[in-house]
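Residue strings, one per chain:
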Amino acid sequence: MSNGEPDDGALLRLMQAGDESAVSALYDRYGGVAYGLAFRITSDGTLAEDVVQEAFVSVWKQCGRFDASRGQARSWLLTIVHHRAVDAVRRRTGRPERGLPEGAEEFLAATQGRPEELAEMTLDAAAVRDAVRLVPAEQRETIVLAYFEGMTHVEIAERMGVPLGTVKSRLRIGLEKMREYLRPKVLE
Amino acid sequence: MNCEQAEELLGAYALDALPDEEATQMRAHLATCAEHAAKARELRVVASALAETVEPMVPPRALRGRIAAAVASAGEQTTDNRQQILHDPPVALAHGRARPDGARARVQWRPSYAWGAIAAGLLIAVAGLLAWNISLRSDGGATDVLAVKPLLQDTGATAGYVVLLEGDRASIVGEALPRLEPAKAYQLWSISTAGEATSLGLMEYDDAGVAVADVSFDPSGTTAVAITIERAGGVEQPTSAPVYSARL
Ligand SMILES: [Zn+2]
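Let me begin by describing the structure that accompanies this report. A quick note: this is a predicted structure, and the numbers were derived from the prediction, not measured.

**Observations regarding the interface of chain A and chain B**
- Between chain A and chain B, the contact holds 73 residues from the first and 62 residues from the second.
- Of the roughly 6,400 Å² buried at the junction of chain A and chain B (both faces included), carbon and sulfur atoms supply 60%.
- Residue aspartate 28 of chain A pairs with arginine 64 of chain B through a salt bridge whose shortest N-O separation is 2.6 Å.
- Taken together, chain A and chain B are joined by twelve residue pairs in polar contact (both at pLDDT 80 or more).
- In terms of residue count, the dominant contributor to the side of chain A that touches chain B is helix H2 (residues 21-42) of chain A (twelve residues).
- A class-by-class count of the residues in the side of chain A that touches chain B yields 34 nonpolar, 17 polar and 22 charged.

**A look at the pattern of salt bridges**
- Here the structure, examined in full by the defined rule, presents 18 salt bridges over all chains.
- Lysine 39 of chain B is the partner of glutamate 7 of chain B in a salt bridge, and the nearest nitrogen-oxygen pair spans 3.2 Å. Of this pair, glutamate 7 of chain B sits in helix H1 (residues 3-14) while lysine 39 of chain B sits in helix H3 (residues 34-48); the two residues are 32 residues apart in sequence, bridging distant segments of the chain.
- Since its relative accessible area comes to 22%, glutamate 7 of chain B is described here as partly exposed.
- The class for lysine 39 of chain B is partly exposed, based on a relative accessible area of 24%.
- Note that glutamate 35 of chain B is salt-bridged to lysine 39 of chain B, the shortest N-O span being 3.4 Å. Linking glutamate 35 of chain B with lysine 39 of chain B, this pair stays in helix H3, spanning four residues, or about one helical turn.
- When its relative accessible area of 47% is taken as the criterion, glutamate 35 of chain B is described as partly exposed.
- Through salt bridges with shared partners, one network takes in Glu49 and Asp50 of chain A together with Arg66 of chain B.

**What about H2 of chain A?**
Residues and elements named next belong to chain A.
- The largest bend along H2 reaches roughly 60° and is located at tyrosine 30.
- Counted residue by residue, H2 has 16 buried out of 22 residues, so it is predominantly covered.
- Backbone geometry just downstream of H2 places serine 43 in the positive-phi region, at approximately 50°.

**Observations concerning unusual backbone geometry**
- Unusually for a residue other than glycine, serine 43 of chain A sits at a positive phi of about 50°.
- Mapped onto the secondary structure, serine 43 of chain A falls in the loop between H2 and helix H3 (45-62).
- Residue aspartate 16 of chain B is not a glycine yet carries a positive backbone phi of 55°.
- Its location among the elements puts aspartate 16 of chain B in the loop between H1 and helix H2 (20-32).

**As for the packing of aromatic side chains**
- In this structure the tally under the stated criterion is three aromatic pairs over all chains.
- Seen from their ring centres, tyrosine 27 of chain A and phenylalanine 56 of chain A are 5.4 Å apart, and the 70° between their planes marks the pair as edge-to-face. Of this pair, tyrosine 27 of chain A sits in helix H2 while phenylalanine 56 of chain A sits in helix H3, and the two are 29 residues apart along the sequence. The residues tyrosine 27 of chain A and phenylalanine 56 of chain A share a single accessibility class, namely buried.
- For the cation-ring pair, arginine 40 of chain A lies above phenylalanine 148 of chain A, with the distance from its terminal atom to the ring centre recorded as 4.1 Å.
- Cation over ring: arginine 44 of chain B sits above tyrosine 13 of chain B, and NZ or CZ is 4.5 Å from the ring centre.

**Quick look at helix H8 (residues 137-149) of chain A**
Residues and elements named next belong to chain A.
- The terminal C-alpha atoms of H8 lie 17 Å apart, and with 13 residues this matches the ideal 18 Å at 1.5 Å per residue to within 8%.
- Looking at H8, one finds that the buried residues are Gln139, Thr142, Ile143, Leu145, Ala146, Tyr147 and Phe148.
- Backbone geometry just downstream of H8 places glycine 150 in the positive-phi region, at approximately 65°.

**Considerations on the coordination of the zinc ion**
All names here are of chain B.
- Taken together, the protein ligands of the zinc ion are Cys3 (SG), His29 (NE2), Cys33 (SG) and His36 (ND1), with distances of 2.0 to 2.4 Å.
- Geometry at the zinc ion is tetrahedral, judged from its four donor atoms and the angles of 100 to 115° they form at the metal.
- The class for histidine 29 is buried, based on a relative accessible area of 8%.

**Focus: the packing of H2 of chain B against H3 of chain B**
All names here are of chain B.
- Where H2 contacts H3, the two axes come as close as 6 Å, and the packing angle between them is 120°. Seen from above, H2 lies across H3 with left-handed handedness. In contact with His29, Leu30 and Thr32 of H2, H3 contributes Ala34, His36, Ala37 and Ala40.

**Here's the deal with the packing of H2 of chain A against H8 of chain A**
Residues and elements named next belong to chain A.
- It is the contact of H2 with H8, at a shortest axis distance of 9 Å, that shows an interaxial angle of 110°. By the angle class used here, H2 and H8 are roughly perpendicular. Contacts from Leu37, Arg40 and Ile41 of H2 reach H8 at Val144, Tyr147 and Phe148.
- Its residues placed into classes, the contact of H2 with H8 shows five nonpolar, no polar and one charged.

So, how was this worked out
- Residues numbered from 1 in each chain as written.
- Chains lettered and ligands numbered in written order.
- Predicted model: local features only at pLDDT ≥ 70, side-chain atom pairs only at ≥ 80, totals over all residues.
- Heavy atoms only, no water.
- Contact = heavy atoms within 4.5 Å.
- Buried area = accessible area lost by both parts, 1.4 Å probe.
- Salt bridge = Lys/Arg side-chain N within 4 Å of Asp/Glu carboxyl O.
- Polar contact = N/O pair within 3.5 Å; in protein donor to acceptor, adjacent residues only side chain to side chain.
- Helix = DSSP H or I, 4+ residues; strand = E, 2+ residues; numbered from the N terminus.
- Nonpolar A, V, L, I, M, F, W, Y, C, P; charged D, E, K, R; others polar.
- Buried < 20%, exposed > 50% of the residue type's maximum accessible area, 1.4 Å probe, protein only.
- Bend = angle between axes of the 7 residues up to and from the residue.
- Phe/Tyr/Trp six-rings, centres within 6.5 Å; stacked < 30°, edge-to-face > 60°.
- Lys NZ or Arg CZ within 6 Å of the ring centre and 35° of its normal.
- Expected span 1.5 Å × (residues − 1).
- Donors = N, O, S within 2.8 Å, 3.2 Å for Na, K, Ca; no water.
- Tetrahedral: all angles 85-135°; square planar, octahedral: opposite > 155°, others 65-115°.
- Axes fitted to C-alpha atoms, helices over the stretch in contact; angles between N-to-C directions.
- Left-handed = near helix turned anticlockwise from the far one by under 90°.
- Parallel < 35°, antiparallel > 145°, perpendicular 65-115°, else oblique.

Now the structure itself:
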């Protein structure tokens, strides 16, 4: 980093060396976005706080298994926040928890791509928002129910009153449209 | 699950919107299909970018201190968490690359499953790319480690490791294996040079929820250890394609 602060990889390495203060440094960097995401999903400040706390503790406990050269710590943290928030809100609304994976290895295995395609993928907020706007409304709504409400495709089909096959194709085509929009920016 | 079905589910999978059973089937397909594994990874990155659309919020002041306290009380991380993963980046380059022709003929998986594809994938992700600093979970005795082999998906992604021990024993640690529903189990197989599968038993979950197994087997004449997803009690012969394997 140009301003001389340790980058995320350096913070991870400090954690791996047992430096607890590196967790606080990571929190200072991403606590706001983590809390914003948890709050967006749970709509509940107390639940969101619990989720964020659990997520940072989880990163601390698992940091030795996360290889920063293979994945982005920020994205991993937000994945944990997302999964925990989904479980918290499902628990609160009496739906069975999803128990979505949050392991370091699993995250790396599921998101790691060929370096030329993905490793440099910097998806800034403005580009992603534009990409979401570009997706037709019914696809966007379907994606939102999956991501921000933590619903399965079956639950979405019930909620929206459309066939399951329609939900599957809306999720896929919607994400593919986003990918097409984001791809040129990746390669620039 | 065939390619057509997998294609249809890519979006739901990337958004974690598949019910458990379907997600398991999807992962099994991705373990044997480089094309859909690559597409799935890409869409997953796109899906996770949705987090970027959320406005950051200022968390309550006390949260920072609570986290620091929770981290302090979580204490020194366990030895297991401390393992340093040292590996060569080239493992990532194996993704989706063309496989050497002829590799398919090398191994015959009895019910003609995609074993050839797995074996070919392993040829690319050459064993030895990973060096692990292992602290064994075993009884603490002075057991010599003969070798450590990565447990891989055919995409080259590491899912754990196989630790070969003195006395024809081995520990298998599936660190990235997702937990299965109770009716299903991970079954381990040793694969002979002739391509025959012999059951090494089922994997169990340790206290941390990691799928593990300690097995006895003769490594001579064995080319690989493979893992399939079977019904809870296990089966005589694999009924599905292997989802993970380690070349010995
Ligand atoms: Zn396929």
